[in-house]
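# Working through the structure, step by step
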Amino acid sequence: MDAIKTQEISSRAIEKVMVHPLVLLSVVDHCNRVAKDTRKRVVGVFLGSSFKGTVDVTNSYAAKEHVVGWYSIGPKLQENDLDIHGLFNDYVPNPVLIIIDVQSKDLGIPTQAYCVEEVKEDANQKSQKVFVHVLSEIAAHELEEIGVEHLLRDVKDTTISSLATEIDGKLKALKSLDGRLREIRSYLDLAIDGTLPLNHEILYYLQDVFNLLPNLNVTELIKAFAVKTSDIILVIYLASLIRSVIALHNLINNKYEKTEDSKPVPVPAAAGS
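Residues numbered from 1 in each chain as written. Predicted model: local features only at pLDDT ≥ 70, side-chain atom pairs only at ≥ 80, totals over all residues. Heavy atoms only, no water.

All right, on to the overall build of the chain then. On a plain count of helices and strands, the chain comes out with seven helices and seven strands. The order of α-helices and β-strands along the chain, N terminus first, is α-β-α-β-β-β-α-β-β-β-α-α-α-α. A total of 273 residues make up the chain; the buried ones form 22% of that total. Within the chain, contacts between residues separated by at least 24 positions form 58% of all contacts whose residues are at least 6 apart in sequence. When the accessible surface of the chain is summed, it comes to about 20,700 Å², and 59% of that surface belongs to carbon and sulfur atoms. (Helix = DSSP H or I, 4+ residues; strand = E, 2+ residues; numbered from the N terminus. Buried < 20%, exposed > 50% of the residue type's maximum accessible area, 1.4 Å probe, protein only. Contact = heavy atoms within 4.5 Å. Areas by Shrake-Rupley, 256 points an atom, 1.4 Å probe, with all protein chains shown as cover.)

This is the structure we're talking about:
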């Protein structure tokens, strides 16, 4: 690897990893070609850039990009992952490992990002390398967003109405929220029992969440929420009703036109007969 390009990649601690949709499609394609219907684990290399603690994973190959880490379809960390990660350390400062669940059944993004840190449990113990979880998110450039929208449009089930799609999306969002709340509760229970150490950063985030919550004890606010929700539901209901009426109208017109076309055309009588 070019030493100059390697130096351009920041050795700063990784704080966040951004994964582009093209990367996910590439990994799924790799998995289907190599390990479909088997228990093989697919491993590959990530390309992208790193700046101010944020790793931007844009592709798995490109001439103008640098190796920033590697990927695996997991589904969890394996014993030899530290050895593979060590190979990348010879060429990339602070590489990132992203486990991508190509058959994800859970709600949320299918990526888990990790970097390696050296930790010591006490001063007399020798330091050891361990994987540390890093925040990850799905990000896309404008051109990628257009491509993903066209792809989703092709795989979308046209037999499902837009109203059903909206309801399904809301249901999935609520399930995802329920899962996050259960995870928060589980952490707080373990922290209270002393099983997990108290993390003040997590508590600060939770306090911010509570501070942003609306005060539902105010009667005017409850009424405003109810009116707003009712208005939205009314508009959705009317739109669905109008759509049904228009579809029925088009069906009747189509049947009428076919009936008219099937009628026999009268033949004019010949002159002088």
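Turning our attention to the nonpolar core. One recurring pattern in soluble globular proteins: nonpolar side chains tend to sit buried together. Residues Ile14, Val17, Phe46, Val55, Val57, Val96 and Ile98 are the most contacted members of the largest nonpolar core, which totals 21 residues. When residues of this core are traced back to their parent elements, those giving at least two are strand S1 (16-19), helix H2 (21-34), strand S3 (54-59), strand S4 (66-72), strand S5 (96-100) and strand S6 (111-119). The leading source of residues in this core is H2, at four residues. Excluding residues within four positions of it along the chain, Val57 makes contact with Val17, Met18, Val19, His20, Val23, Phe46, Leu47, Val68 and Ile98. With 11 residues, the next largest nonpolar core counts Trp70, Tyr114, Val116 and Phe131 among its residues. (Core = buried A, V, L, I, M, F, W, Y, C linked by side-chain atoms within 4.5 Å.)

Time to look at the pairing of S4. Here S4 lies mainly inside the structure; seven of its seven residues are buried. With four bridges joining them, S4 and S5 adopt parallel strand pairing. Residue pairing for S5: Gly69 is matched across the bridge by Val96. Viewed along the sheet, the connection from S4 through helix H3 (residues 81-89) into S5 turns out right-handed. (Pairing = 2+ DSSP bridges. Right-handed = clockwise from strand over helix to strand, strands pointing away.)

Within the secondary structure, Val27 sits in helix H2. A relative accessible area of 1% means that Val27 is categorised as buried. Other than its neighbours up to four places away in sequence, Val27 contacts Tyr71, Ile73, Ile100 and Val102.

A word on the pattern of salt bridges. Enumeration according to the criterion identifies four salt bridges in this entry. Close ionic contact of Arg33 with Asp29 constitutes a salt bridge, the shortest N to O distance being 2.9 Å. Taken together, the positions of Arg33 and Asp29, both in helix H2 and four residues apart, correspond to about one turn of that helix. A relative accessible area of 39% means that Asp29 is categorised as partly exposed. The residue Arg182 makes a salt bridge to Asp178 at a minimum N-O spacing of 2.8 Å. With Arg182 and Asp178 both in helix H5 (residues 162-193), this residue pair falls four residues apart, about one helical turn. (Salt bridge = Lys/Arg side-chain N within 4 Å of Asp/Glu carboxyl O.)

Right, let's talk about the pairing of S6 for a bit. Along any regular strand the residues' side chains alternate between the sheet's two faces. Relative to S6, S5 is paired through four bridges, and the arrangement is antiparallel. Following the sheet pairing, Ile99 is matched in S6 by Gln112.

Right, let's talk about the environment of Thr111 for a bit. Take Thr111: it is sitting in strand S6. In this structure, the C-alpha to C-alpha distance between Thr111 and Ile138, residues 27 residues apart in sequence, is 8.5 Å. For Thr111, the contacting residues outside a window of four places in its chain are Val19, Leu24, Ile98, Ile99, Ile100, Ser136 and Ile138. At 3.4 Å, the side chain of Thr111 and the side chain of Ser136 are in polar contact. (Polar contact = N/O pair within 3.5 Å; in protein donor to acceptor, adjacent residues only side chain to side chain.)

By the definition in use, this model includes three aromatic pairs. Between Phe46 and Tyr71, the aromatic rings sit 5.0 Å apart at their centres with planes inclined by 45°, giving tilted as the arrangement. Separated by 25 residues along the polypeptide, Phe46 in strand S2 (residues 43-51) and Tyr71 in strand S4 bring together distant segments of the chain. Of the two residues, Phe46 and Tyr71, neither departs from the other in class, the shared state being buried. Ring geometry for Tyr114 against Phe131: centres 6.3 Å apart, planes inclined by 75°, an arrangement best described as edge-to-face. With a gap of 17 residues between them, Tyr114 in strand S6 and Phe131 in strand S7 (residues 128-138) connect regions that are remote in the sequence. Both residues of the pair, Tyr114 and Phe131, count as buried. (Phe/Tyr/Trp six-rings, centres within 6.5 Å; stacked < 30°, edge-to-face > 60°.)

Shape descriptors only; they carry no functional weight alone.
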